[in-house]
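Fold and contact review
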Amino acid sequence: MMNTINLKTAENIITAAKEKAKELNTKMNICVVDAGANQVAFVRMDGAWLGSADIALKKAKTARFFDMNSGEIGKLSQPNEPLFNIEHSNGGLISFPGGVVLKNKDGEVIGAVGVSGSSVENDHEVATAGANAM
């Protein structure tokens, strides 16, 4: 049983995410982190926004730090919600869609993928395509 993401798995996730980005006709930054939220692999597609590289990493870390997709953190971090202002913790979190938790066959969280470079809907779709390639 895998308990963290290795490079081979991270590369498979990135390949699938890149294919989905191409299908959506967008350019993305894609980052995969392991169970310890350490970056394992990263790709910046040609022409993808430079500023989105940091966002992709932070989306992946946000998902792993709290074991839920970054968009779910976003819902909980709105005014009058229980995690309001959480994005200011941990050196800065990203609390909108595009960070997706990666789980092994037993349902244990073993890492996350973060994607940035388009609308948050596209970011989430590309990240999900990567996650589904595991």
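For the structure itself, look to the data block above.
This is a predicted model, so every value here is computed, not measured. (Residues numbered from 1 in each chain as written. Predicted model: local features only at pLDDT ≥ 70, side-chain atom pairs only at ≥ 80, totals over all residues. Heavy atoms only, no water.)

Here we come to the nonpolar core. By size, the foremost hydrophobic cluster in this structure holds 19 residues, and its most contacted members are Ile5, Met28, Ile30, Val32, Leu102, Val113 and Val115. Mapped onto this core, the elements with two or more residues apiece are helix H1 (7-23), strand S1 (29-34), strand S3 (99-103), strand S4 (109-116) and helix H4 (120-131). When residues of this core are assigned to their parent elements, the largest contribution, 5 residues, is made by H1. Beyond its immediate sequence surroundings of up to four residues, Val115 is in contact with Met28, Asn29, Ile30, Ala56, Lys59, Gly98, Asp123, Val126 and Ala127. Grouped together as the second largest cluster of nonpolar side chains are 9 residues, Val33, Leu57, Ala63 and Val101 included. (Core = buried A, V, L, I, M, F, W, Y, C linked by side-chain atoms within 4.5 Å. Buried < 20%, exposed > 50% of the residue type's maximum accessible area, 1.4 Å probe, protein only. Helix = DSSP H or I, 4+ residues; strand = E, 2+ residues; numbered from the N terminus. Contact = heavy atoms within 4.5 Å.)

Attention now goes to helix H2 (residues 52-66). Taking 1.5 Å of rise per residue, 15 residues should cover 21 Å, and H2 covers 21 Å from first to last C-alpha, within 8% of that figure. Considering only its buried residues, H2 is in contact with S1, strand S2 (39-44), helix H3 (70-76), S3, S4 and H4. A positive backbone phi angle near 50 degrees is found at Asp67, which sits one or two residues after H2. (Expected span 1.5 Å × (residues − 1).)

Per the counting criterion, the structure on display carries 7 salt bridges. Among the ionic pairs, Lys20 bridges to Glu125, the shortest N-O distance being 3.6 Å. Remark: Glu125 occurs in helix H4 and Lys20 occurs in helix H1; sequence separation between them is 105 residues. When its relative accessible area of 17% is taken as the criterion, Lys20 is described as buried. Under the relative-accessibility criterion, Glu125 is labelled partly exposed at 34%. A salt bridge links Lys58 to Asp54; the shortest N-O distance between them is 3.2 Å. Of this pair, Lys58 and Asp54 both sit in helix H2, 4 residues apart, which is roughly one turn of the helix. Each of Lys20, Glu23 and Glu125 takes part in a single network of salt bridges with overlapping partners. (Salt bridge = Lys/Arg side-chain N within 4 Å of Asp/Glu carboxyl O.)

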